[in-house]
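# Structural characterization, general
Given next are the chains, with one letter for each unit.
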Amino acid sequence: MLISLIIPVFNGDRKLLNLVRKVSMFRKHYSIEIIIIDSESNNDTVFKIKNLYKNMVKVVSNRKGEFNHGLTRNLGVRIARGKYVCFLSQDISLINDQFIHRFTHYLDEIPRAVAIFGKQYPYHNASAIEKLNNRLFYSALGQYSNKEGVVIQDINNKFAPLNSKNYLLWYSLSNVFACYKRSFLLKNPFPETTYGEDILIGKRIIEKKLIKIYDTKSACYHSHNLSLQEFMKRQLLELHLKNNLNIPRDRMSLKITYILHQKWSLFKKLNILEPNILDP
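The following refers to the structure shown. (Residues numbered from 1 in each chain as written. Predicted model: local features only at pLDDT ≥ 70, side-chain atom pairs only at ≥ 80, totals over all residues. Heavy atoms only, no water.)

## Overview of the overall build of the chain
- When helices and strands are counted, the chain shows 10 helices and 9 strands.
- Here the chain holds 280 residues, and the buried ones make up 50% of them.
- By sequence separation, contacts in the chain at least 24 residues apart represent 77% of the contacts at least 6 residues apart. (Helix = DSSP H or I, 4+ residues; strand = E, 2+ residues; numbered from the N terminus. Buried < 20%, exposed > 50% of the residue type's maximum accessible area, 1.4 Å probe, protein only. Contact = heavy atoms within 4.5 Å.)

## Focus: the side chain of K131
- Note that K131 resides in helix 5 (residues 128-142).
- At 3.1 Å, the side chain of K131 and the backbone oxygen of H124 are in polar contact. (Polar contact = N/O pair within 3.5 Å; in protein donor to acceptor, adjacent residues only side chain to side chain.)

## Notes on the packing of aromatic side chains
- Taken as a whole and assessed by the stated rule, the structure comprises 15 aromatic pairs.
- Each ring, one from Y123 and one from Y221, has its centre 5.6 Å from the other, and the planes form 15°; the classification is stacked. Pair noted here: Y123 is in the loop between strand 6 (113-121) and helix 5 and Y221 is in strand 9 (residues 211-221), with a separation of 98 residues, a long-range link. The pair formed by Y123 and Y221 is uniform in burial state, with each residue classed as buried.
- Positioned above the aromatic ring of Y123 is the side chain of K15, whose terminal nitrogen or guanidinium carbon lies 4.9 Å from the ring centre.
- Across from the ring centre of F87, 5.9 Å away, lies the NZ or CZ of R73, which sits over that ring. (Phe/Tyr/Trp six-rings, centres within 6.5 Å; stacked < 30°, edge-to-face > 60°. Lys NZ or Arg CZ within 6 Å of the ring centre and 35° of its normal.)

Written out as structure tokens, the structure reads:
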């Protein structure tokens, strides 16, 4: 088994059905398995997947009250049989079919590489806040990509200074769309946490002088339509995580809501929001 695709699920919708349909087609070219970890969904999407794909998809039940971003993914790693494990969020839409080839290629070819993650574009109907947050992060990291479109995050060959100003660039990972060597995760499981398990494992990778990679050419759509209250709650979670990682507080994220509320027309004129490259 080359790769295990792990999808944590709760009340997945049409996006999940489309995602499973698309990744199931990769079985023609790759040795893969698809594992869904379902946390007591109360709609019929997982039932439909079981009927449509039968032996092609393994569904594992997990109690909703026991869901944890770190521990649930560790469960998937233990069940998986692949050399690589790839985590996909239930609400992404794949933009291209390159990611399995590119993810496994770089993990094979670059010594000490244990993780790789791809670029995320916001959906067309995402809120302005989501689009701006996405643009701020991926533009900041993507400026360091090489001619192949990847940022090799190696402490022995620094792409940027490793200091408090750049800790977030160095540590960032996103399990929305990421792949790991399973052998690494078996020895270094995700921490038990309700938020930021991927960034915490990213920090561990750098501290162990291993390598993780950001691939700009492997891309997906992903965003949330958060209410203002939900957005601010997420900002507080991010600030708590940054404090734990000794990352200075970034006031920009806290000011986004106010700026967009007051000066949205100015942002449109300045063309700050990156256009989607296509509609899913």
